[in-house]
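Chain and residue survey
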Amino acid sequence: MNIFFLIILIFFSGAILSFIINRIAPKFSGITTFVTIAVVSFLFFTQVEINSITQFSLGGIQMQFGVNNYTYIFAILVLGLSLLASLFSIKYMQDNDRLGYFYSNFILSIAGMVGIIFSRDFISFFIFWEIMTWSSYLIVIYDGARSSRSGLKYMIFSAIGAYAMLTAIVSIKGSYGTFIISEAIENGAFNFTDHIYIPIMLLVGFAVKAALMPLHVWAPNAYSKSPMSFTAIFSGAMSKMGILGMGLVLASVYSHSTDENAFNVLILRQILGWLGGITAVMATIYALIQTDAKKLLAYSSVAQLGYIIVGLSTGTKLGVMAALFLAIIHAVFKGALFMVAGAVERQVGTTDMTKISGLIRKMPFTFFTALVSIIALAGIPPLGGFVGKWMLYEALITESNNYFLVIVIFFSSTAAFMYSYRFLFGLFLGQEEKEIEHVKEAPVTMIIPMVILALILIVTGVYPGILFEPIAQGMQYLGYSDVNWDMSVLVNVWGEESNMAYINLTIGVVFVVIFIFLTLKNLKGTRYVGTKDISTSGEIPTENENLTFQLDFFKPFQRAAAPLYKRSMDKIWNDLGNALEAIFDFTRRIYTGNGQTYALFVIIFLVILLIFKNTLFTN
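Residues numbered from 1 in each chain as written. Predicted model: local features only at pLDDT ≥ 70, side-chain atom pairs only at ≥ 80, totals over all residues. Heavy atoms only, no water.

In this section: the overall build of the protein. If you tally the helices and strands in the protein, you get 24 helices and 2 strands. Burial analysis of the protein (619 residues in total) assigns 54% to the buried set. Considering only residue pairs separated by 6 or more positions, the protein has 77% of its internal contacts joining residues 24 or more positions apart. Here the protein has roughly 27200 Å² of accessible surface; of this, 65% comes from carbon and sulfur atoms. (Helix = DSSP H or I, 4+ residues; strand = E, 2+ residues; numbered from the N terminus. Buried < 20%, exposed > 50% of the residue type's maximum accessible area, 1.4 Å probe, protein only. Contact = heavy atoms within 4.5 Å. Areas by Shrake-Rupley, 256 points an atom, 1.4 Å probe, with all protein chains shown as cover.)

Turning next to the side chain of Ser-252. Inspection of the secondary structure assignment puts Ser-252 in helix H10 (residues 228-255). A residue is classified by how much of its surface remains accessible, and Ser-252, at 4% relative accessible area, is buried. Leaving out residues up to four positions away in the same chain, Ser-252 has contacts with Ile-185 and Phe-190.

A word on the environment of Met-63. Looking at the element boundaries, Met-63 is found in strand E2 (residues 61-66). Assessed through its relative accessible area of 3%, Met-63 is described here as buried. Taking the C-alpha atoms as reference points, Met-63 and Ser-124, 61 residues apart in sequence, are found 7.2 Å from one another.

The next subject is a nonpolar patch on the surface. Taken together, Leu-600, Phe-601, Ile-603, Ile-604, Val-607, Ile-608, Ile-611 and Phe-612 make up a surface patch of nonpolar side chains, about 720 Å² in accessible area. Turning to its location among the elements, Phe-601 is positioned in helix H23 (residues 595-611). (Patch = residues over 30% accessible without salt bridge, like charges linked within 9 Å, V, L, I, M, F, W, Y side chains within 5 Å. Salt bridge = Lys/Arg side-chain N within 4 Å of Asp/Glu carboxyl O.)

Before going further, it helps to spend a moment on helix H2 (residues 27-47). In this model, H2 (21 residues) spans 31 Å end to end at C-alpha, consistent with the 30 Å of a helix rising 1.5 Å per residue. For H2, the set of buried residues is Ser-29, Gly-30, Thr-32, Thr-33, Thr-36, Ile-37, Val-40, Ser-41, Leu-43 and Phe-44. Angular distribution of buried residues about the axis of H2 spans 165°; they occupy a single face of the element. Those residues of H2 that are exposed and aimed more than 90 degrees away from the buried face are Lys-27 and Phe-42. (Expected span 1.5 Å × (residues − 1). Arc of directions from axis to C-beta.)

Another aspect to go through is the pairing of strand E1 (residues 53-58). Examined bridge by bridge, E1 and E2 share 6 bridges and lie antiparallel to one another. Residue pairing in the sheet places Ile-53 in a bridge with Gly-66 of E2. The hairpin formed by E1 and E2 contains 2 residues between the paired strands, and Gly-59 there has a positive phi angle of roughly 65°. (Pairing = 2+ DSSP bridges.)

With that settled, the discussion passes to helix H8 (residues 197-209). With 13 residues, H8 extends 19 Å between its outermost C-alpha atoms, agreeing within 8% with the 18 Å of an ideal straight helix rising 1.5 Å per residue. For H8, the set of buried residues is Ile-198, Pro-199, Leu-202, Leu-203, Gly-205, Phe-206, Ala-207, Val-208 and Lys-209.

Let's shift gears to the packing of helix H13 (residues 317-348) against helix H16 (residues 403-429). H16 packs onto H13 with a crossing angle of 25° between their chain directions and a minimal axis gap of 12 Å. Overall, the two elements H13 and H16 adopt an arrangement that is roughly parallel. Seen from above, H13 lies across H16 with left-handed handedness. Residues Leu-337, Val-340 and Val-344 of H13 form the contact with H16, whose own contacting residues are Phe-423, Leu-427 and Phe-428. (Axes fitted to C-alpha atoms, helices over the stretch in contact; angles between N-to-C directions. Parallel < 35°, antiparallel > 145°, perpendicular 65-115°, else oblique. Left-handed = near helix turned anticlockwise from the far one by under 90°.)

This part takes up the confidence of the model for the protein. Taken residue by residue, the protein gives an average pLDDT of 82. The fraction at 70 or more is 83%. Across residues 492-498 the pLDDT falls below 50, and counting only partners more than four positions away or on other chains, this stretch makes 19 contacts in the model. This model gives residues 531-535 a pLDDT under 50, and the stretch forms 11 contacts once residues within four places in sequence are excluded. (pLDDT = per-residue confidence, 0-100.)

The residue Arg-120 is located in the loop between helix H4 (99-118) and helix H5 (122-140) in this model. One buried charged residue, Arg-120, remains without a salt bridge, the closest side chain of opposite sign being Asp-121 at 8.3 Å. Ignoring any residue separated from it by four or fewer positions in sequence, one finds Arg-120 in contact with Ser-52, Ile-53, Gln-64, Phe-65, Gly-66, Val-67, Asn-68, Ile-180, Ile-181 and Tyr-477. (Lys, Arg positive; Asp, Glu negative; His and termini not counted.)

Here we come to the pattern of salt bridges. Applying the stated rule across the entire model yields 1 salt bridge. Among the salt bridges present, the one from Lys-294 reaches Glu-345, with a minimum N-O distance of 2.9 Å. On the criterion of sequence distance, the pair formed by Lys-294 in helix H12 (residues 293-314) and Glu-345 in helix H13 is long-range, its members being 51 residues apart. Relative accessible area serves as the criterion here: at 10%, Lys-294 is assigned to the buried category. On the accessibility criterion, Glu-345 (22% relative accessible area) is partly exposed.

Time to look at the packing of H13 against helix H18 (residues 465-478). The geometry of H13 relative to H18 is characterised by a closest axis approach of 10 Å and an angle of 125° between their N-to-C directions. Our classification of the angle between H13 and H18 gives oblique. Of the two possible hands of crossing, H13 and H18 adopt the one that is right-handed. For the pair H13 and H18, contact is made by Lys-317, Val-320, Met-321, Leu-324, Phe-325, Ile-328 and Ile-329 and by Leu-467, Phe-468, Ile-471, Ala-472 and Met-475, respectively.

Moving on, we get to empty space enclosed by the protein. Per the counting criterion, the structure on display carries 4 cavities of 30 Å³ or more. Lining the largest cavity are Phe-122, Phe-125, Ile-181, Phe-190, Leu-202, Phe-206, Gly-245, Leu-248 and Val-249. Of all the elements in the fold, those that place two or more residues in the lining of the largest cavity are H5, H8 and H10. Counting residues per element, the lining of the largest cavity draws most heavily on H10, at 3 residues. In the lining of the largest cavity, the residues fall into 8 nonpolar, 1 polar and no charged. (1 Å grid on protein atoms, 1.4 Å probe; cavity = no way out; pocket = protein on both sides within 12 Å on 5 of 7 lines; lining within 4 Å. Points joined across faces, edges and corners; volume = space filled by probe spheres on them. Nonpolar A, V, L, I, M, F, W, Y, C, P; charged D, E, K, R; others polar.)

Side chains of nonpolar character tend, in soluble globular proteins, to be buried together. Grouped together as the largest cluster of nonpolar side chains are 196 residues, with contacts concentrated most on Ile-7, Phe-106, Phe-190, Trp-218 and Phe-423. Here this core gets 23 residues from one element, more than from any other, and that element is H13. There are two domains that each give this core at least three residues, and those are domain 1 (1-236) and domain 2 (259-481). Ignoring anything within four residues of it in the chain, the contact list for Phe-106 reads Thr-33, Ile-37, Ala-85, Ser-86, Ile-139, Ser-229, Phe-230 and Ile-233. (Core = buried A, V, L, I, M, F, W, Y, C linked by side-chain atoms within 4.5 Å. Domains from an automatic or database assignment.)

Next up, the structure:
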């Protein structure tokens, strides 16, 4: 049997098996899921050859499966993160109900992503896209009524994206006579001249999954309401399916840029770049005021995706490399952080940062993962977030001359320090209250995936060339020639120009000095203080007010940014929905069910035809 078909078959068999096993022995349903993904991962990385293609016919339609250097990057991301998330999920979901329902959809969502990566034609691509969407939707509503509204919003926007994508696919077949992606690109389907709406409709479909503003409003609630073992994949990997599609379309648009369509391409670059920048800023601002760790991470995910889209929008070698590098790093650190939130939720019972704090001694391995991941998220050297953002700044300044967008991105990145510190302090570094005396470290099967992701962040930060090599090969598939990682002035030991050893040594010395200082300071003894002794951030407390530090962590900033919080895309979309509902309600009244009314409509229509017959029916 062909390896591509075998992998898909194993996925679907595993989904059915995990559902059935849950009826017999629920505790083995998660293990079945982990084994399924492990077997698929082993087969993929040992048997699948890059650039191999399998052609087949379905209902007379020619279809193709295969993997190229570009999609291989996303395959590593999806399978690697899914394998660790499934191991984490065994203990995290242990005491929950309907595990068969959860794990079968868990596997199907991964099968959908892998199928998208395999697809070399638009039909199979769309089929697997829908499998991914529907299975993830069923997990979003896993908690029932508590998450039904979030699921509905996710499905509405997914439907918008799906119909936009389907419209583009049908148009490609009608205009270029093929469903094969490579043939459509070669024939100029994305040349942004003949049928400008085709790439735009595809970009809309992909932008929904990538949570690009204003199509992002489903993401914060969907990410925060889903079980954290799945959200690690939902945010870390599934959002990258949108990035995969956007990268493919934009690379083709830019490669077909001519004097004839240069202005259109320039407008597209600017619109996408600024939408990405605004997404990064606004999501960061909303992340700052969240008191629930899961909601904070959800908004943070949207912001980080904004950086990636800015990089793709440049179309330059360095910009695209920065975008793909950040896509991988984001998947790792955001997957780790959602696992951290899941571990805290399981062990403590909540992720509300106004109710818990001081977990560093109770959950040291979880804190280690959180610390490393937050450093990567905030873009602090020597981890990969710093490398990716540095390259993005370089691309915007030296290759795109987009200085104003640099300011926007830099502001968002700087503000990310604040919510990063809030997350770290709120859960781990605050006052250790008596309410958490019973808390213990997460089970070992939850610790192992988190620590592995943290170690990956350290290794890829110190030696980013490990990622540069496959990214460069993927970019060459997209049409970028002579791609190498010494385009940036920041080159590590894998390059030839400079060395990050001095930067890493400096950072290490600073951490060691701080560690020694705090250790010696604590030797003198500690004094237990209640929340009444904690800073109020310049606010005047009222009587009996909760003075937990996390409650009004950035009250002054929130007051300064108050005008921005008043303008919500949720409200705009809700108003649009209400307007459409009013129009549909008015239209519904026309259909009264009365035969005389319908006869009157026919007479009116005939009268209109007679009046305008000379205009309508002349050659």
